[in-house]
Amino acid sequence: MNNTDNQGDVWEVFVQSKPGLPHKHAGSVHATDKEMALQNARDMYTRRNEGTCIWVVPLDAIVSSMPEDSGSFFEPSDDKIYRHPTHYVMPEGAKHI
Amino acid sequence: MEDVKKLEEFQAKIDAEIKIEPKDWMPEDYRKHLQRQISQHAHSEVIGMQPEGNWISRAPSLRAKVVLLAKIQDEAGHGQYLYAAAETLGKSRDEYIEELQTEKAKYSSIFNYPTLSWADMGAVGWLVDGAAIVNQVSLQRTSYGPYSRAMVRICKEESFHQRQGYEIIAHMAQGTPEQKEMAQDALNRFWWPSLMMFGPHDSDSPNMGNGVKWKIKRETNDELRQKFIDKTVQQAEVIGLTIPDPDLKWNEEKGHYDFGEIDWDEFWNVVKGNGPCNKQRLQHHIKAHEDGKWVREAANAYAQKQKNKQLVA
């Protein structure tokens, strides 16, 4: 990328819509530093009271699993149904469990 | 051979309504189709700020002015959402902007028409944003994840735009005879170009084939255009304005309005760059981009300085 005329780096934006809720991915912005990233994120993603807190994360700081690995990555949990509460047989008549 | 199998798996995902995400394998044509469509959409949002920006300094009241400013700011935001979605397809923001400025990429032709009176702010919001909403509501279900998410966000914000436009034109239609005439004139000028926003008839549309098969587009140009007409006619009647189409008539059998022939020569002429404002729009975009160059340079220099400071510390 041409260094003297570019649009800055990509930052991913996460917005918490109210206290108690998790921060959720909202989209991304371009910025050259943290402060600009935060301000751009505010202007882009909270124009209508959508948030109480914003996180911005440089795109290159995010490590993602890859689609081609999703088999080896996620399938091992397929055969472990004993991790779900419905796997267990409760005695007849037991309540609140 | 590998690609045939990948292509089958890809189509199976599309058919099962599973969204495609940036890191997933996709056919090169799917990627290109999306790059073209999403960037064209982004450019339209950004160029679309110009005809409305024309009226900021002459808005008839403070209320009208703050509303118009908020709307134009939204359009800038919509452009940003869409560029961000387009960038996930492996092309940079700079490349997209360069394609716009060198006329390799298009934007919606509607923005090559001038906004001559305040009533045009009404017509633009009511008709142009109204047509855009019909298209964008449909695109919320597009098969590419980032594009779909951008559309959901945009649709939430867009209905304010259409309502503010309809309020303006309704207000003028109920005003003095001169004001009503301005409202009617705005409708006369924007009606046909708004219908053209949906693109050529399905039978003449070069980009349709795979777009529908790959569920990039969920409804065809003609289907969307019909939807827009069907819901807009009544809105014109309510405010006492006449849609400038003598052939417009309710068709009981079809359950839709029949409408007159669209002037496709005009459409292609504007697409090819000969509309009333094509040159002005692009020149203004290039000027604004160049005027902002020193800001980008300064921001980059500042960021570099901060980085160097951190290294020393």
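Data block above holds the structure.
In this report, we go over the structure that sits alongside the text. (Residues numbered from 1 in each chain as written. Chains lettered and ligands numbered in written order. Predicted model: local features only at pLDDT ≥ 70, side-chain atom pairs only at ≥ 80, totals over all residues. Heavy atoms only, no water.)

### Thoughts on the nonpolar core
Residue and element names in this part refer to chain B. Test applied: What makes a nonpolar core is a set of buried Ala, Val, Leu, Ile, Met, Phe, Trp, Tyr and Cys residues whose side-chain atoms join them at distances within 4.5 Å. Only protein chains enter the calculation, and the probe is 1.4 Å; a residue is then buried if its accessible area is under 20% of its type maximum, exposed if over 50%, and partly exposed in between. Only DSSP runs of H or I covering at least 4 residues are called helices, and only runs of E covering at least 2 are called strands; the numbering of each starts at the N terminus. Contacts were defined at the residue level, with two residues in contact if any of their heavy atoms lie within 4.5 Å.
Counting residues in hydrophobic clusters, the biggest one holds 51 residues, and the most contacted among them are Trp-118, Leu-127, Ile-169, Phe-190, Trp-191 and Phe-228. Elements supplying a minimum of two residues to this core: α4 (62-87), α6 (118-139), α7 (145-173), α8 (177-196), α10 (221-238) and α11 (264-274). Considering every element that reaches this core, the biggest residue donor is α6, with ten residues. Aside from chain neighbours lying at most four places away, what touches Trp-191 is Leu-127, Phe-228, Ile-229, Thr-232, Ile-243, Pro-244 and Asp-245.

### Considerations on the layout of surface pockets
Keep this limit in mind: Within this scheme a cavity is a closed region of a 1 Å grid, computed over the protein atoms alone, that accommodates a 1.4 Å probe without allowing it to escape, whereas a pocket is open but has protein on both sides within 12 Å along at least five of seven lines; lining residues each have an atom within 4 Å of a point. Grid points are joined across faces, edges and corners, and a volume is the space filled by probe spheres set on the points.
Approximately 1,200 Å³ is the volume attributed to the second largest pocket. As for the second largest pocket, its lining consists of 35 residues, and the residues nearest its centre are Glu-12, His-25, Ala-26 and Gly-27 of chain A together with Arg-149 of chain B. Looking at which element gives the most residues to the lining of the second largest pocket, the answer is α7 of chain B, with seven residues.

### Description of empty space enclosed by the protein
Residue and element names in this part refer to chain B. Cut-off, in case you're wondering: When residues are sorted by character, Ala, Val, Leu, Ile, Met, Phe, Trp, Tyr, Cys and Pro go into the nonpolar class, Asp, Glu, Lys and Arg into the charged class, and all the rest, Gly among them, into the polar class.
Tallied over the full model, the rule gives two cavities of 30 Å³ or more. The calculated volume of the largest cavity comes to roughly 40 Å³. Across the lining of the largest cavity, the residue classes tally to two nonpolar, two polar and five charged. The volume enclosed by the second largest cavity comes to roughly 30 Å³. In terms of lining, the second largest cavity is formed by Pro-51, Ile-110, Phe-111, Tyr-113, Val-124, Val-128 and Phe-190. Split into classes, the residues belonging to the lining of the second largest cavity amount to seven nonpolar, no polar and no charged.

### Some thoughts on helix α13 (residues 293-312) of chain B
The condition that has to hold: Multiplying one less than the number of residues by 1.5 Å gives the expected span of a helix.
Helix length check: α13 of chain B (20 residues) gives 29 Å between terminal C-alpha atoms against 28 Å at 1.5 Å per residue, within 8%. On its buried face, α13 of chain B sits against α1 (34-45) of chain A together with α12 (278-291) of chain B.

### Details of the sheet that holds strand β1 (residues 9-16) of chain A
Residues and elements named next belong to chain A. Operational definition: By the convention used here, strands pair only if DSSP detects at least 2 bridges between them. To obtain an axis, a line is fitted to C-alpha atoms, over the contacting stretch when the element is a helix, and the angle between two such axes runs from 0 to 180 degrees between their N-to-C directions.
In spatial order, the strands read β2-β1-β3; together these three strands make up an open sheet with antiparallel pairing. Strands at the two margins of the open sheet, each flanked by one partner only, are β2 (24-31) and β3 (53-58). Across the sheet, the mean angle separating the axes of adjacent strands is 30° when strand polarity is ignored. Relative to β2, α1 is tilted by about 125°, and along the sheet it contacts β1, β2 and β3.

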